[in-house]
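Observations on chain architecture
Spelled out, the chains give:
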Amino acid sequence: MSANEMVRPTGSSPSTSPVPVRVMAAIARPVWVLAESLLDWHGRWKQRQALLSLDDHLLKDIGVSRLDADHEARKPFWRG
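Here goes a summary of the coordinates provided. (Residues numbered from 1 in each chain as written. Predicted model: local features only at pLDDT ≥ 70, side-chain atom pairs only at ≥ 80, totals over all residues. Heavy atoms only, no water.)

**Side note on the overall build of the protein chain**
Each helix and strand in the protein chain was counted, giving four helices and zero strands. Ordered by position in the sequence, the α and β elements of the protein chain form the string α-α-α-α. Considering the protein chain as a whole, with its 80 residues, one finds that 6% of them fall into the buried category. Taking the contacts inside the protein chain whose residues are at least 6 apart along the sequence as the reference set, 47% of them involve residues at least 24 apart. With an accessible surface of roughly 6800 Å², the protein chain has 64% of that area assigned to carbon and sulfur atoms. (Helix = DSSP H or I, 4+ residues; strand = E, 2+ residues; numbered from the N terminus. Buried < 20%, exposed > 50% of the residue type's maximum accessible area, 1.4 Å probe, protein only. Contact = heavy atoms within 4.5 Å. Areas by Shrake-Rupley, 256 points an atom, 1.4 Å probe, with all protein chains shown as cover.)

This is the structure we're talking about:
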């Protein structure tokens with residue numbers, strides 16, 4: 001028995017090993033993009049809720065009117 005046969009399991013070849021890795025990479029990218037989108041949307045929703053909670057004095061300090069704050073908070077979370 002040669003040294004290569006002892007190291008490599010029977011039926012395994014270098015060309016078949018990367019297939020599961022490629023499949024996982026093909027699945028992982030869309031999942032990662034979706035996760036990033038969900039995190040962005042959640043963060044946007046939280047910021048808009050925080051903007052709504054500010055009183056008029058604090059809104060004036062940051063240069064935003066109550067009307068502008070209400071308009072921003074009414075936007076859907078997926079819209080930037």
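So, next bit.
**Quick notes on the pattern of salt bridges**
Inspection of the entire model under this criterion finds three salt bridges. As a salt-bridge pair, D56 and R66 come within 3.0 Å of each other at their nearest N and O atoms. A residue pair is termed long-range when its members are at least 10 positions apart, and D56 in helix α3 (residues 56-61) and R66 in helix α4 (residues 66-73) qualify at 10 residues. Note on D56: relative accessible area 52%, which makes it exposed. Salt bridges linked by common partners bring R48, E72 and K75 together as one network. (Salt bridge = Lys/Arg side-chain N within 4 Å of Asp/Glu carboxyl O.)

**Section: the side chain of R48**
By secondary structure assignment, the location of R48 is in helix α2 (residues 18-53). On the basis of relative accessibility, which here comes to 5%, the residue R48 falls in the buried class. Reaching out from R48, the side chain makes a polar contact with the side chain of E72 at a distance of 3.1 Å. Contact partners of R48, with chain neighbours within four places excluded, come to E72, A73, K75, P76, F77, R79 and G80. (Polar contact = N/O pair within 3.5 Å; in protein donor to acceptor, adjacent residues only side chain to side chain.)

**Things to note about the environment of R44**
Mapping R44 onto the fold places it in helix α2. Along the primary structure R44 and G80 are separated by 36 residues, whereas in three dimensions their C-alpha atoms are 7.8 Å apart. Sequence-distant contacts of R44, that is, excluding residues within four places in its chain, are made with F77, W78, R79 and G80.

Just geometry here; none of it tells us what the structure is for.
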